[in-house]
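Tertiary structure, described
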Amino acid sequence: MEKVVSGIRPTGNLHLGNYFGAVTNFVRMQNDYNCYFFIADWHSLTTHPKPEDIVQSVDTILAEYLACGLDPEKSTIYVQSDVKEVLELYLFLNMNAYLGELERVTTFKEKARKQPDNVNAGLLTYPTLMASDILIHRALKVPVGKDQEQNMEMARKCARRFNNIYGVDFFPEPQSFYFSEKAVKIPGLDGSGKMGKSEGNCIYLKDDAKTIQKKVMKAVTDSGPTQPNSPKPEVIENLFTFLNIVSEPDTVKFFEEKWNDCSIRYGDLKKQLAQDIIKFTDPIRERIAQYSADKDLLHKIAAQGADKARQSAQETIKEVRHIIGFR
Ligand code: TRP
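Let me begin by describing the structure that accompanies this report. (Residues numbered from 1 in each chain as written. Predicted model: local features only at pLDDT ≥ 70, side-chain atom pairs only at ≥ 80, totals over all residues. Heavy atoms only, no water.)

Quick word on the environment of Glu101
Examined against the element boundaries, Glu101 turns out to sit in helix H5 (residues 99–103). Along the primary structure Glu101 and Met154 are separated by 53 residues, whereas in three dimensions their C-alpha atoms are 8.6 Å apart. (Helix = DSSP H or I, 4+ residues; strand = E, 2+ residues; numbered from the N terminus.)

Structure representation (structure tokens):
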């Protein structure tokens, strides 16, 4: 089976947008590929988190991904910082990465603008660390969002350059596998286009029934249709998009008809939507709670994953050392 690698940024809790985006795609890929999924805790250092934040966020994100269906029997699930071989490759790759090309990466420029007092070297070499994550397993495919295009281009450049410098055909060029094309887009309920952490409009998987209800009932609507069969304004379309994802087809049909004959009551629609979201997320939330409460299990899973990831990493790094001349 082809090797797939992807990194998960340990930033906060998963929301429905994540769930129907990356997470569902990861879960599906487990059956068709030899998947390596890791929590990118080294990468998170580029923004200088506190020690307790790192521990906390790694445990949280691991529990949430497992609750969503990442399966340690099918995939290799590990924490980046457990596999030190990545660092050695990072060092080697950095020797052949150039200031100019690293400075041109858009995400670097953006970060530099956002945290002008903390434009650290780790931020600059974020792409070479990411390349190491991927090349350490000699992975062929990398499921990422569109925003990772430049980082992926750097990873391919690192692979090509290594092969050229040493006259070998060692690293395959990893291809991006854009899950955004297949992802179901979850709209925001505040009238904005999409659900996102920076938009502050998220329904989190860990949210309890009451919280979900409150958030859905606050959803932005309009004053209602005045003519039969009129097109829906975006905020209403968003509610229907949501309904289509979590509700029964009959429910959707019911509200479509209500919209079309102008008898729709948004309060009813929201109540139904909240109920269906709760029904959908309830079992996930329960599993999150179970995993979160069982640190021993979490750490056992991470340790097992690290062992498997290390095996694969060691095979690569041994050959890399030899090729470079450390014999
Ligand atoms: N940069 C990725 C993101 O921001 C996370 C990441 C780190 C990653 N290393 C990776 C993704 C390796 C794929 C492969 O989402």
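Here the narrative resumes, following the displayed structure.
Some words on the packing of aromatic side chains
On inspection of all chains with the given rule, the structure shows 14 aromatic pairs. With 5.9 Å between their ring centres and 80° between their planes, Tyr33 and Phe177 make a pair best called edge-to-face. Of the two residues, Tyr33 is situated in the loop between helix H1 (16–29) and strand S2 (34–39) and Phe177 in strand S5 (residues 175–178); the sequence distance between them amounts to 144 residues. Accessibility expressed as a relative area gives 15% for Tyr33, which makes it buried. Taking 5.9 Å as the distance between ring centres and 25° as the angle between the ring planes, the aromatic pair formed by Phe92 and Phe326 counts as stacked. (Phe/Tyr/Trp six-rings, centres within 6.5 Å; stacked < 30°, edge-to-face > 60°. Buried < 20%, exposed > 50% of the residue type's maximum accessible area, 1.4 Å probe, protein only.)

Thoughts on the nonpolar core
Among the nonpolar cores identified, the biggest contains 58 residues, and Leu16, Ile203, Phe242 and Ile277 are the most heavily contacted of them. Beyond its immediate chain neighbours, meaning those up to four positions away, Ile203 contacts His15, Leu16, Leu189, Met195, Ile212, Lys215, Val216, Phe242 and Ile277. One finds Phe92, Leu123, Ile136 and Val144 within the second-largest nonpolar core, a separate group that totals 42 residues. (Core = buried A, V, L, I, M, F, W, Y, C linked by side-chain atoms within 4.5 Å. Contact = heavy atoms within 4.5 Å.)

Quick word on the pairing of strand S1 (residues 3–8)
Across 6 bridges, S1 lies against S2 in parallel orientation. Note that in S2 the partner of Ile8 across the bridge is Ile39. The β-α-β motif built from S1, the intervening H1 and the parallel element S2 has right-handed crossover chirality. (Pairing = 2+ DSSP bridges. Right-handed = clockwise from strand over helix to strand, strands pointing away.)

Digging into the state of the cysteines
Tallied over the full model, the rule gives 0 disulfides. Cys202 supplies the cysteine sulfur nearest to Cys68, a cysteine that is in no disulfide, at a spacing of 14 Å. (Disulfide = S-S within 2.5 Å.)

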